[in-house]
Amino acid sequence: MIEQETFRLLEWQRLCQHLSTFASTKLGVIASQHLPIPSTIEETRYLLAQTQEVCQLETDINAQWSFNGIHDIGDSIERAKIGGILSCEDLLNIATTLAGVRKLRRVIEDQEDATTIKELIQDLRTFPEIEQEIHHCIDERGEVADRASPKLGEIRIQIKRLRDRIYQILQGILQ
């Protein structure tokens, strides 16, 4: 075990804080700020191998390595677990996160020399059916689409007809 004096001399907390400035997501910032120092040489070598693989992905122009669209959806997932209601924005964040994770997984799986980071994603599910259902029901403006349900579509058509009729009546009164 590393003695406290050595730990202080390594300035581990400062190193973790500096590392967090390179994170692409909010969760990455939090995780990198609280990294435990490796306790064995094997763990150190394993983490070094992961770092080398990620650096290789970062420098590979063809890899299309990106964290775009990935959000912190933990609160939304917890709310959904207890039967809470999610806003359209929450649902869109979930869908874009699922899409972003799916793309990242594909990039990692396509790498030949990325065995340690492939282990990280081995059991990762991306739920494309949930992503598609959200995009079917919520439009790109973050509003519930008419196609979300047949009844909603019918109601909105009736509202539009009534609005048009009221407009015509008001036009008639004005003339």
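Reading guide: rules and limits
- Residues numbered from 1 in each chain as written.
- Predicted model: local features only at pLDDT ≥ 70, side-chain atom pairs only at ≥ 80, totals over all residues.
- Heavy atoms only, no water.
- Helix = DSSP H or I, 4+ residues; strand = E, 2+ residues; numbered from the N terminus.
- Rg over C-alpha atoms; globule rule 2.2 N^0.38 Å.
- Buried < 20%, exposed > 50% of the residue type's maximum accessible area, 1.4 Å probe, protein only.
- Salt bridge = Lys/Arg side-chain N within 4 Å of Asp/Glu carboxyl O.
- Patch = residues over 30% accessible without salt bridge, like charges linked within 9 Å, V, L, I, M, F, W, Y side chains within 5 Å.
- Areas by Shrake-Rupley, 256 points an atom, 1.4 Å probe, with all protein chains shown as cover.
- Core = buried A, V, L, I, M, F, W, Y, C linked by side-chain atoms within 4.5 Å.
- Contact = heavy atoms within 4.5 Å.

Draft legend 1. Fine view of the overall build of the protein. Looking only at helices and strands, the protein features nine helices and zero strands. Seen in sequence order, the protein has helices and strands lined up from the N terminus as α-α-α-α-α-α-α-α-α. In terms of C-alpha radius of gyration, the protein reaches 25 Å, well past the compact-globule figure of 16 Å for 175 residues. C-alpha atoms of the protein, sized along the principal axes, occupy 85 × 35 × 35 Å. Burial analysis of the protein (175 residues in total) assigns 23% to the buried set.

Draft legend 2. Representation of the pattern of salt bridges in the model. All chains considered together, the criterion is met by ten salt bridges. A salt bridge links Asp146 to Arg156; the shortest N-O distance between them is 2.7 Å. Taken together, the residues span a long stretch of sequence, with Asp146 in the loop between α8 (128-137) and α9 (150-174) and Arg156 in helix α9 at a distance of ten residues. Through salt bridges with shared partners, one network takes in Asp139, Arg141 and Glu143.

Draft legend 3. Quick look at a nonpolar patch on the surface. Residues Ile166, Ile169, Leu170 and Ile173 make up a contiguous nonpolar surface patch of roughly 410 Å² in combined accessible area. Following the sequence through the fold, Leu170 ends up in helix α9. The partly exposed category is assigned to Leu170, whose relative accessible area is 48%.

Draft legend 4. Quick look at the nonpolar core. In terms of nonpolar packing, the biggest core is built from ten residues, these being Leu57, Ala63, Trp65, Ile70, Leu104, Val107, Ile108, Ala114, Ile117 and Ile121. Where this core is concerned, the elements lending two or more residues are α6 (88-109) and α7 (115-121). For this core, the leading source of residues is α6, giving three residues. Contacts of Leu57, omitting those with residues within four sequence positions, involve Ala63, Trp65, Val107, Ile108, Gln111 and Ile117. Counting residues in each nonpolar core, the second largest holds nine residues, with Ile73, Leu92, Ile94 and Ala95 among its members.

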